[in-house]
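Okay, here's what each chain looks like letter by letter:
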Amino acid sequence: MMKKKSISASKASLVLFLCHMISALDVPLDSKLLEELSQPPTITQQSPKDYIVDPRENIVIQCEAKGKPPPSFSWTRNGTHFDIDKDPQVIMKPNSGTLVINIMNGGKAEAYEGVYQCTARNERGAAISNNIVIRPSRSPLWTKERLEPNQVREGDSLVLHCRPPVGLPPPIIFWMDNAFQKLPQNERVSQGLNGDLYFSNVQPEDTREDYICYARFNHTQTIQQKQPISVKVFSMDSLNDTIAANLSDTDIYGEKPVTERQPVLLTPTGSTSTKVELRGNVLLLECIAAGLPTPVIRWIKEGGELPANRTSFENFKKTLKIIDISEADSGNYKCIARNTLGSAHHVISVTVKAAPYWITAPRNLVLSPGEDGTLICRANGNPKPSISWLANGVPIAIAPEDPSRKVDGDTIIFSHVQERSSAVYQCNASNEYGYLLANAFINVLAEPPRILTPANKLYQVIADSPALLDCAYFGSPKPEIEWFKGVKGSILRGNEYVFHDNGTLEIPVAQKDSSGTYTCVARNELGKIQNEVQLEVKDPTMIIKQPEYKVIQRYGQVSFECIIKHDSTLLPVIIWLKDSDELPDDERFLVGKDNLIIMNVTDKDDGTYTCIVNTTLDSVSASAVLTVVAAPPTPAIIYARPNPPFDLELTGQLERSVELSWIPGDENNSPITNFVIEFEDGLHEPGVWHYQTEVPGTQTTVQLKLSPYVNYSFRVIAVNEIGRSQPSEPSEQYLTKSASPDENPANVQGIGSEPDNLVITWESLKGFQSNGPGLQYKVSWRQKDVDDEWTSVIVANVSKYIVSGTPTFVPYQIKVQALNDLGYAPEPSEVIGHSGEDLPMVAPGNVQVHVINSTLAKVHWDPVPLKTVRGHLQGYKVYYWKVQSLSRRSRRHVEKKILTFRGNKTFGMLPGLEPYSSYKLNVRVVNGKGEGPASPDKVFKTPEGVPSSPSFLKITNPTLDSLTLEWGSPTHPNGVLTSYILKFQPINNTHELGPLVEIRIPANESSLILKNLNYSTRYKFYFNAQTSVGSGNQITEEAVTIMDEAGILRPAVGAGKAMASRQVDIATQGWFIGLMCAVALLILILLIVCFIRRNKGGKYPVKEKEDAHADPEIQPMKEDDGTFGEYSDAEDHKPLKKGSRTPSDRTVKKEDSDDSLVDYGEGVNGQFNEDGSFIGQYSGKKEKEPAEGNESSEAPSPVNAMNSFV
């Protein structure tokens, strides 16, 4: 029983090995072994499935196979036996199945069209080829047709059809002219996938008579030519000229030469189409559009993106190309043609089908008698392919019975095979788009072990490098391989060696004591054989004195040293290079045993010189730079980083320590302060250097502490005040012995990921912490506070273990202990973890809400029992949302807000509430898994608050003494509005504010007309709303009353209070200033004229009128012509009579005249001088009452007169 189990366990390895050894596609076996082993046939070469041949040449149908004994060949044609001997035109090549059909000596290729299949057979089975379909290529001539010239209007679209003859394979289409020059193509003119030539819009330059379509048939190397096609493009001007000459002078087509048109798709037609393509093929989709201007094509995939790495565009983006398509590329592809006038689009629905393709192809199987095995044939496709089996080319259903064989769908299972079970099986996977055929043999062999590696083969390696000792073997059943050192040594085991499946023994770090004789033994149940090989481990070659950087004066002499140390049995060869090339062929370069001398140095000798030391086993090199200068360097001390230490040596090797010594490099004029020692673990982290320790600069030896199971290399870095040296060359390697681990994993945790599990995690030990091979972990756990035994499991070198079937959220004691092949680490410490959490079971109770003010509330709740939390209590979440506003009674979309209160809190504040609103809330407890059920919804209401500012304030319809105010209610009333407050005050021309007037307005009003305001006065308004709680924010506006129609300001009565007035708005306008200047100039001229006439002397008509009337009042100007009366010179300077209009105190009362200037003032008595008297005298109305006092008869001043109007 144990023997049979051993055979079965090695079966997979044996199959894999022999498949590699026997398969035609793998490394061939030893030729001597091939002559002795039987092998079923294997097809090694065959013609393609679809084989198109040149009908002018002989047809060669390939079929090559190998096997032992060599196979014989036969053929079928169209499913029946093809008797080659009866056809003199057909021969089969010797020792081959390849057919040669002689066409060149009278045969016709069409007579040999058909489906061919080759069979290769020997005593171990029969292999068959694919069905090879033979078809001769065809290149038929173009059918003759009469081609009408194409006459087309400029700007219209045009399609020139090629319609090539149907050939095999299809021809390649291209367009040329009579001179065999390719016709230029661009975004406007291009060739479609069907070979037609498309014009999006024609231009006059497209006129020509030699558009020629060519079809090239590659198999026959022939080109067929279509008859030339003529195209003539008529411009609108030429059409108009022609029509006008033949008909009349009427402009038929209008003045616009070419009509622009929006895009229309030429191909494909319609709005949608479909396309089916096979997996792995190239998907080509095409859209060509007509239009003017020429449309631009853009491609998109609906509901997805075009694959970035497999997509390209051809034919000026009219063709979308996706290579290596798969089922994921199925979908709708939209092309969009667009120009400045519009767009057109077409959707192509692409379905990707698939011919069969391999998932697992059957592989050759080599077994020993009595073993088991399987042949697996798995394929996929769209639609799903069907699988059928053949045995030696015959359907397995009618093949000879084999009791060791059982067919199970895509698998053949072999049990207890015998030598007669050897056969070749064929798997056929097929669907409507193609098929796959694979041959796989089962070869049952019984062979004793054989070792193919030559006896006493010598292997030489350098110390501290890997050694690979070969033991190529063969046998059936697969032999077991064992290695021994020496002729009578013990079997090799342990971590110092690696045993490969192919028999090779690897010594990862070969040492000097690894040298010697190694014996490989191969055995199976049929026999045993052994072979000896020799291993020699050599000392590495080292450069102990490297060439150094040199600065040399021109025409001087320089020497580079290269002193080496090497194994005495190896012959070193030293080569010098300059700038990675050979040394110049110049007698000035002298190569010595351990140096290079350059005499009479010149500038061209500048460069890098490299010393390379080669042996048959290793190679080392070192370089130095030579700098040639014109003058000797200034004699100054050069401070630099130290040179690296060298000649590192390990002594006193113990299990946990070693002594390292070295020789310091040159200090470069700065004393070495300390040495840094680093180590590399070649076993676990090759190439990574770690800090070990550092010692003072006066010390060149150090005792180093070591860890077990580490392949140490050391290097030393010297440090001075300038910096660190380059690292030294690594020391020899030292592999410490294995030991049990010294420490356990850190950061052990237990956290459940599901309600019924416990996930135990830890930080794995690093490679050098393992202390030996076979690092594992002992994971132990038990439920806390329960009298249970520890449950333990040993896992591989991983960092996680999942315990299933645990209660929900209970504490566990956990510990993780490291172990390896040599034992356990010290007892680990315990940690407490918890199994997985589940959602909380109950909702918080006794939820209460205390409304603090209109925007803030406080919510209280009772905590849930901790055992119902079923996890780590993280806190409570309060969900609250506004149900409706109490002022508007309108519902809106509910937007829930969430506040989280960490820990075991039982209350929280809800800020940012809206006043005078109805709210709901609920409370939920939260643990690491999520939220528990919600408490019943709690309803609460917020009190009224102050409203927001009115939504707007508009001031319209300004008049001389009124303004109209309109406003909108507040966006957020936050309660019931009680009223609006309007405050306003005037602003004078110095921006000073006048008295403030306040008006309270009912809440249901939305406008107000403010009357009795001052003319041309700016007012500032302050407006806000009120609830019972208080006033809200105010908004402000400014507005100005207008002037009267005449543009002259009159005195006006204010609205109960004196308001500050300002006239800056109109008085600062340019047109107004110009108008006032013109008026002033006219008044000045008038006054000057009056002044001159008055000073002439004589009597004026005014004087006569005064004498003629008893009334002492001055008479008005004439009503008919408006001229002034005349005064005599004699009475010019007489005082006015008692009845004069102007009193002596130079004031005018309002009741004295309806037309007084006081009406245009600002509500105060006007003060008048002589100019005012003058105006009063000729105002055109009589005084109602006489005024007492005299007035000066001084002539009016023109300046004063102008000032009185300004």
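Residues numbered from 1 in each chain as written. Predicted model: local features only at pLDDT ≥ 70, side-chain atom pairs only at ≥ 80, totals over all residues. Heavy atoms only, no water.

With that out of the way, let us pick up the overall build of the protein. A count of helices and strands for the protein gives nine helices and 85 strands. The buried share of the protein, taken over its 1206 residues, is 41%. Sequence separation of at least 24 residues holds for 66% of the intrachain contacts in the protein that already meet a minimum separation of 6. (Helix = DSSP H or I, 4+ residues; strand = E, 2+ residues; numbered from the N terminus. Buried < 20%, exposed > 50% of the residue type's maximum accessible area, 1.4 Å probe, protein only. Contact = heavy atoms within 4.5 Å.)

Moving on, we get to the confidence of the model for the protein. Across the protein, pLDDT averages 83, with 83% of residues at or above 70. Within the model, the stretch residues 1-28 combines pLDDT values under 50 with 48 contacts to residues more than four positions away or in other chains. When the criterion is pLDDT under 50, residues 1097-1206 qualifies, and its contacts beyond four places in sequence or with other chains add up to 140 contacts. (pLDDT = per-residue confidence, 0-100.)

On strand 61 (residues 701-705), burial follows the alternation: V702 and L704 on one face are buried, whereas T701, Q703 and K705 on the facing-out side are not. Where strand 58 (residues 657-663) meets strand 61, five bridges bridge the pair, whose relative direction is antiparallel. Paired with S661 across the two strands is T701, which belongs to strand 61. (Pairing = 2+ DSSP bridges.)

This part is about the sheet that holds strand 84 (residues 1018-1027). Sheet architecture is open: four strands sit in the order 82-81-84-85, paired in antiparallel fashion. Each of the sheet's edge strands pairs with one partner strand only, and the pair in question is strand 82 (997-1002) and strand 85 (1035-1040). The average undirected angle you get between the axes of adjacent strands in this sheet is 25 degrees. With 10 bridges connecting them, strand 81 (residues 977-987) and strand 84 associate as antiparallel partners. Following the sheet pairing, Y980 is matched in strand 84 by A1025. (Axes fitted to C-alpha atoms, helices over the stretch in contact; angles between N-to-C directions.)

As a further point, take the sheet that holds strand 61. If you trace the three strands from one edge of the open sheet to the other, you get 57-58-61, paired in antiparallel fashion. Every interior strand has two partners, whereas the edge strands, strand 57 (646-651) and strand 61, have only one. Between one strand axis and the next, the sheet turns through 25 degrees on average, direction left out of account.

So, about the state of the cysteines. The final tally for this structure, using the stated rule, is six disulfides. Covalently, C162 is tied to C213 through a disulfide, its sulfur atoms 1.9 Å apart. Across the disulfide from C162 to C213, rotation about the S-S bond amounts to roughly -65 degrees, and the bridge is consequently left-handed. In this pair, C162 is assigned in the loop between strand 13 (158-160) and strand 14 (172-176) and C213 in strand 17 (residues 208-217), connecting sequence segments 51 residues apart. A relative accessible area of 0% means that C162 is categorised as buried. (Disulfide = S-S within 2.5 Å.)

So, about the pattern of salt bridges. Counted by the stated rule, this structure contains 37 salt bridges. The closest approach of N and O atoms between R208 and D210, which form a salt bridge, is 2.7 Å. A salt bridge links E314 to K321; the shortest N-O distance between them is 3.3 Å. The class of E314 is partly exposed, set by a relative accessible area of 33%. For K321, a relative accessible area of 23% corresponds to the partly exposed category. Beyond isolated ion pairs, a larger network of salt bridges with shared partners links D177, R208 and D210. (Salt bridge = Lys/Arg side-chain N within 4 Å of Asp/Glu carboxyl O.)

In the structure shown here, the tally under the stated rule is 20 aromatic pairs. With a centroid separation of 5.5 Å and an interplanar angle of 65 degrees, the aromatic rings of F414 and Y425 are classed as edge-to-face. You can see F414 sitting in strand 35 (residues 411-414) and its partner Y425 sitting in strand 36 (residues 423-431), a full 11 residues away along the chain. Its relative accessible area of 1% is what places Y425 among the buried residues. A network of ring pairs unites the aromatic residues F174, F180 and Y214 as a single cluster. Cation over ring: K49 sits above Y435, and NZ or CZ is 4.1 Å from the ring centre. Stacked on the ring of F907, the Lys or Arg K858 has its end atom at 4.8 Å from the ring centre. (Phe/Tyr/Trp six-rings, centres within 6.5 Å; stacked < 30°, edge-to-face > 60°. Lys NZ or Arg CZ within 6 Å of the ring centre and 35° of its normal.)

Judged by nonpolar contacts, the single largest core of 28 residues is most densely connected at I59, I61, W75, I101 and Y116. Listing elements by their share of this core, those giving two or more residues are strand 3 (59-61), strand 4 (63-68), strand 5 (72-77), strand 8 (99-101), strand 9 (114-122) and strand 11 (132-136). Among all residues touching I101, those that are not within four sequence positions of it are N58, I59, I61, Q89, V90, Y112 and Y116. (Core = buried A, V, L, I, M, F, W, Y, C linked by side-chain atoms within 4.5 Å.)

The next thing to look at is a nonpolar patch on the surface. On the surface, a nonpolar cluster with roughly 600 Å² of combined accessible area is contributed by L1081, L1084, I1085, I1088, V1089, F1091 and I1092. Locating I1092 in the fold gives a position in helix 6 (residues 1070-1094). (Patch = residues over 30% accessible without salt bridge, like charges linked within 9 Å, V, L, I, M, F, W, Y side chains within 5 Å. Areas by Shrake-Rupley, 256 points an atom, 1.4 Å probe, with all protein chains shown as cover.)

With that out of the way, let us pick up the environment of P840. For P840, the position within the fold is in the loop between strand 71 (831-834) and strand 72 (845-853). Remark: the alpha-carbon pair of P840 and K929, spanning 89 residues in sequence, is separated by 8.4 Å. Not counting the four nearest positions on each side in its chain, P840 is found in contact with T868, V869, V925, N927, G930, E931, G932 and P933.

Going from K68 to P69, the amide bond is cis rather than trans, its omega being 0 degrees. Along the chain, P69 falls in the loop between strand 4 and strand 5. Residue S476 is joined to P477 through a cis peptide bond whose omega torsion reads 5 degrees. Take P477: it is sitting in the loop between strand 41 (473-476) and strand 42 (480-485). Phi at N95 is positive, roughly 55 degrees, even though this residue is not glycine. Judged by relative accessible area, which is 82%, N95 ranks as exposed. Here the phi dihedral of D464 falls at roughly 70 degrees; this positive angle occurs in a residue that is not glycine. With respect to the helices and strands, the residue D464 is situated in the loop between strand 39 (457-462) and strand 40 (467-469).

Note on placement: R588 falls in the loop between strand 52 (581-582) and strand 53 (589-591). Residue classification places R588 among the buried positions, given a relative accessible area of 12%. With residues near it in sequence (within four places) discarded, R588 still touches I597, I598, M599, N600, V601, T602, K604 and D605.

Position of I481 among the secondary structure elements: in strand 42. For I481, a relative accessible area of 26% corresponds to the partly exposed category. A C-alpha to C-alpha distance of 9.8 Å links I481 and L505, two positions 24 residues apart in sequence. For I481, the residues in contact, after removing those within four places along its chain, are Y473, G503, C520, V521 and A522.

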